[in-house]
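Read off the chains here:
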Amino acid sequence: VNNMFNSEILKKSFENEISLLKDIIENPNKYNNGHYRNILRSKINFAKFEDQNLNIVSLSINTHVNKANKLINGGYLELNNYRLNAKRSIENIKKNNNSRKNEQTVIYNLQVKNLQLSELVIILMSKLHDYAYKSGNSELIEDFKIKNKEIEILLGYTQGDPHE
């Protein structure tokens, strides 16, 4: 009898595979490397995976499927679902990191645009102030003061008139 296909050894191997997959699902950062991404990428790669420290034996995909169906509750379907969930949990690390970086970039770019627009409004208001006061026209000056107050309120701060 070929020892590699001993039912007890295979049953233990499948239990250890499931334990490993559960650990990957719960602690994906620990396994976020090319080695584990490659193992989880396909059914064939996972079947071939071997780890003597974890008592996980390498099998062909057909043997893996057949023996899993005979030896574990839930059969191969359950085992493969764990593999897919483990694969997704590692993939989600990258997605979360990327979306966080993208959010930070968007926020930063919006802050820069906000400052540029605020600066532009201040420059324009300063020019309008100069034109209104240089004209000596009291109606223009009053109109400027009203508009300036409205814009300051809109921008959320009061700067006051530096020329008063």
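Residues numbered from 1 in each chain as written. Predicted model: local features only at pLDDT ≥ 70, side-chain atom pairs only at ≥ 80, totals over all residues. Heavy atoms only, no water.

> Any chance you could explain the environment of Leu71 here in plain terms?
Counting through the fold element by element, Leu71 comes out in helix 4 (residues 61–71). We classify Leu71 as buried; its relative accessible area is 18%. Each C-alpha atom of the pair Leu71 and Glu8 lies 9.0 Å from the other, and the pair is 63 residues apart in sequence. Leave out the neighbours within four places in its chain, and Leu71 touches Ser7, Leu10, Lys11 and Phe14. (Helix = DSSP H or I, 4+ residues; strand = E, 2+ residues; numbered from the N terminus. Buried < 20%, exposed > 50% of the residue type's maximum accessible area, 1.4 Å probe, protein only. Contact = heavy atoms within 4.5 Å.)

> What am I meant to see in the pattern of salt bridges here?
Working definition: two side chains of opposite charge can pair if their charged atoms are close together. Using the criterion set out here, one finds five salt bridges in the structure. For Glu15, the salt bridge is made with Lys12, and the minimal N-O distance between the two is 3.9 Å. One end of the pair is Glu15 and the other is Lys12, both in helix 1 (residues 7–26) and three residues apart, which spans about a single turn. With relative accessibility at 38%, the residue Glu15 sits in the partly exposed group. Looking at Lys12, the relative accessible area reads 44%, which means it is partly exposed. Between Lys147 and Glu150 there is a salt bridge; the shortest N-O distance is 3.3 Å. Placement of both Lys147 and Glu150 in helix 6 (residues 138–155) is noted, with a separation of three residues, approximately one turn of the helix. When its relative accessible area of 40% is taken as the criterion, Glu150 is described as partly exposed. (Salt bridge = Lys/Arg side-chain N within 4 Å of Asp/Glu carboxyl O.)

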